[in-house]
Each structure stands twice: as structure tokens, then as C-alpha cells.
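# An overview of the molecular structure
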Amino acid sequence: APSPEKEASKADAWSSTRIPKSINEISNGENILGFGANLSADHPGYNDEEYKRRRMQIVELAKQHVPGQPVPYVEYTPAETAVWGEVLTKLEKLYPDFACKQFLDTFSLFNFRPDRVPQLQDMSEVLQQRTGWTIRPVAGLLHPRDFLNGLAFRTFHSTQYIRHGSNPMYTPEPDICHELLGHVPMLADPAFADMAYSIGLASLGASKEDCWHLTKLYWYTVEFGVIKEGEQLKAFGAGILSSFGELEWFQHGKGDQRPVFEPLDPFGKLTKMSYKDGFQKKYYVADSFEDLSAKIKEYATYLHNKNKVTSLDLSILQ
Ligand code: HBI
Ligand code: FE
């Protein structure tokens, strides 16, 4: 069972407005939420002791990783590789119709193959070269404040274990398929990467309430964002791009039901997120990543002024 100290530190993470001065001040193993902390009864791997052991093994590797060092190599089993292969093969077919052009452009940089689960280190090297971002392995679903703060260091915290094999097209939590197929290609696009960085900056020194709002802002952009391409709407959010069902739903709806689309205003109230109860009912639409970044930067400036975060505070980040 998690120790009382650890549970207390998770609660503190919402309230703690201390700005980390370096990525080393953000823990990749302490403030882990949800399933990562302990699989619950509705997780597909709950009754699978072998799966839980394997996952713990990969999580332990992640916790030992030191920023600046190569990400530990994981030898994936044939069963794990089969899960990756099935997810990649099914999703890849949908991308030409549903994914935004930036995603389609960057996707090929990573040479994804169905017969090999990619190594985070190799993916991180591609990002380094393209946009200066780094992938850091993490023990599970990281607390939103730590996760968002990481973006300000151009660091993407990524899980390294893979979902349970009983249903390859479903996972209740982030896994390596979600991170690599959903998030990583977009982070190789400079305008998108700058937008994600802006959300990270906004989160530095944010109050608990503002941090919650930024979690929703992240959710409706990086996770479930859609962008205008001429007359069409295309997906750039990782939660859509890594979900077979959500790709269909955002474009075509289901039966006579359709999602709602609205322009995004970072200052406005954002609708309730759907995580356990199916697909999003509402999506927010970006005109361009440049436009979205400009709006988020304005919001970041507003938060920094309100929270008395100075440019000196921000300039000493490494
Ligand atoms: N942790 N490992 C991991 N991967 C994510 O994609 C992730 C996370 N923690 C929080 C998070 N995403 C966001 O959805 C927001 O809560 C910030
Ligand atoms: Fe995600």
C-alpha cells in the first residue's frame, strides 16, 4: 500500500507553487496517480500477476533513470510486440483521413514498424534534433502539476510499459502506444512544440485552481485538440490519434449523435472532461498552432502577473 507520506505529497503537488529550477527537481516516480499507483479492479491487467510483475520491472527502470543519461533499454517480449504491432497497424490506416498534416509529415521521421516496439531513447534523439525536446521515462500517470511543469523544460514524461494484451485497442491510462503514436510525432513539429511549451510556462507558479484549468487546457489541446484544414477538421490531440474509436467519433459521430465543436479561448470556462465515460462530447478547434500559441502565451502572461512570477524567476530555468 502507498505510504502516508507519498499520499500526502500528491495532495501537496496541487498546492505547491514552488517553481522547479531544473528537471532534476521534478520527480518521475513519486507523484504517480491512478492505475500507476496501484492497478484497480477495473483495469484489464488487475487479475494478471505476470502483467503486474512485468510492469513493475519496467517502472523500476524508469525510476532509476537520471536526466541527461540515455533512457534505459527495454527488451520487449513477443507478446508485447504483438500488441504494439496491432495498434500501429490499425491506427496507421486511419491517419491519412483523420490526422492533421503536421502529424502526417512528422510521423515518417520515426520509422515505426509493427515488429518492433520503439525505444524511448531513439525517439528522444529524433525529437532532440527536430525541436530540442527530450523524452523522460516516468513510472505512470504523473501528477498534472509535475507533468505540466516538465513541458516548460521541453521534457515529455512518457510511460514505457505497454497496455494489457486482452484488448489491444483499449487502455484506461497512458502507455507506450499512446505516448509514441499520439504525442511524440506532434512534438517534432516546431509550432506545436512551442504551443506545448507555452502551457508548461503557464503552469510555473500557478495556483491549485489555475493548475486545474491548465490541466483542462492541456486536455482540449495536446490530448483532444482538432485543427481547421480548409473546410475540414483534423486531429492533433494524442487522445484522438491513439484511439481507434475516438478517430471515428470526432469525424463521423455515432448514429445520429455528433460531437460539438467550438473555438478555444484559454481565458474561458472549459467543459467537463470525459475520461471514464467514453469519447469527448465537445472538442475545441484551433485555427493554427501559431494562433493557439499566441493565445496561450497571453494567458500565461496573465497568470504570471497574477501569481507574481517574474521574468527573473523564468530566466533561471535550465
Ligand atoms: N502522465 N505519464 C503521463 N503521460 C501523460 O500523457 C500525462 C501524464 N500526466 C498528466 C497528463 N498527461 C495530462 O493529461 C494532464 O493531466 C496534465
Ligand atoms: Fe497523453
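Residues numbered from 1 in each chain as written. Chains lettered and ligands numbered in written order. Predicted model: local features only at pLDDT ≥ 70, side-chain atom pairs only at ≥ 80, totals over all residues. Heavy atoms only, no water.

For the rest of this paragraph, the subject is the overall build of the chain. Tallying secondary structure elements over the chain gives 13 helices and 8 strands in all. For 318 residues, the compact-globule estimate of 2.2 N^0.38 gives 20 Å, and the C-alpha radius of gyration of the chain, at 19 Å, lies within 12% of that figure. The principal-axis extents of the C-alpha atoms in the chain amount to approximately 50 × 50 × 40 Å. Per-residue burial for the chain yields a buried fraction of 54% across its 318 residues. If you sum the accessible surface of the chain, you get close to 14600 Å²; carbon and sulfur atoms cover 53% of it. (Helix = DSSP H or I, 4+ residues; strand = E, 2+ residues; numbered from the N terminus. Rg over C-alpha atoms; globule rule 2.2 N^0.38 Å. Buried < 20%, exposed > 50% of the residue type's maximum accessible area, 1.4 Å probe, protein only. Areas by Shrake-Rupley, 256 points an atom, 1.4 Å probe, with all protein chains shown as cover.)

This part covers the nonpolar core. Ranked by size, the top nonpolar core spans 92 residues in total, and within it Phe236 and Leu247 carry the most contacts. For this core, the leading source of residues is helix H8 (residues 190-203), giving 9 residues. (Core = buried A, V, L, I, M, F, W, Y, C linked by side-chain atoms within 4.5 Å.)

Surrounding the iron ion (ligand 2) are the protein donor atoms His178 (NE2), His183 (NE2) and Glu223 (OE), at 1.9 to 2.1 Å. Metal-centred angles of 91 to 135° between the 4 donor atoms at the iron ion (ligand 2) mark the site as irregular. Along the chain, the residues donating to the iron ion (ligand 2) fall in the pattern H-x4-H-x39-E. Of this pair, histidine 183 sits in helix H7 (residues 176-187) while glutamate 223 sits in helix H9 (residues 208-223), placing them 40 residues apart in sequence. Side by side, histidine 183 and glutamate 223 carry an identical accessibility label, which is buried. (Donors = N, O, S within 2.8 Å, 3.2 Å for Na, K, Ca; no water. Tetrahedral: all angles 85-135°; square planar, octahedral: opposite > 155°, others 65-115°.)

Time to look at the confidence of the model for the chain. Per-chain confidence: the chain averages 93 in pLDDT, with 95% of residues scoring 70 or above. What the predictor reports for the complex is a pTM of 0.94 with an ipTM of 0.97. (pLDDT = per-residue confidence, 0-100.)

The next thing to look at is the site of ligand 1. In the neighbourhood of ligand 1, 15 residues make up the surrounding shell, with Val138, Gly140, Leu142, Phe147 and Glu179 lying closest. At a separation of 2.8 Å, a nitrogen atom of ligand 1 approaches a polar backbone atom of leucine 142. One nitrogen or oxygen atom from the side chain of glutamate 179 is found 3.4 Å from a nitrogen atom belonging to ligand 1. Coverage of ligand 1 by the protein amounts to 94% of the 390 Å² it exposes when considered alone. The cavity where ligand 1 resides is the largest pocket. Those elements that provide at least two residues to the shell around ligand 1 are strand S3 (141-142), helix H6 (144-151), H7 and H9. Residue composition of the shell around ligand 1, by class: 8 nonpolar, 5 polar and 2 charged. (Near = heavy atom within 4 Å. Polar contact = N/O pair within 3.5 Å; in protein donor to acceptor, adjacent residues only side chain to side chain. 1 Å grid on protein atoms, 1.4 Å probe; cavity = no way out; pocket = protein on both sides within 12 Å on 5 of 7 lines; lining within 4 Å. Sits in = over half its atoms within 2 Å of the grid points. Nonpolar A, V, L, I, M, F, W, Y, C, P; charged D, E, K, R; others polar.)

Let us look at the sheet that holds strand S6 (residues 232-235). The sheet built from 4 strands is open, its strands ordered S6-S5-S8-S7 with mixed pairing. Since the sheet does not close on itself, it has two edges, and those belong to S6 and strand S7 (260-263), each with one partner. With direction set aside, neighbouring strand axes in the sheet form an average angle of 40°. Both S7 and strand S8 (residues 282-286) contribute to a ladder of 4 bridges, which runs parallel. Residue pairing in the sheet places valine 260 in a bridge with lysine 282 of S8. On top of the sheet, helix H11 (residues 244-252) reaches strand S5 (226-229), S6, S7 and S8; it is set at about 165° to S6, its chief contact. (Pairing = 2+ DSSP bridges. Axes fitted to C-alpha atoms, helices over the stretch in contact; angles between N-to-C directions. Contact = heavy atoms within 4.5 Å.)

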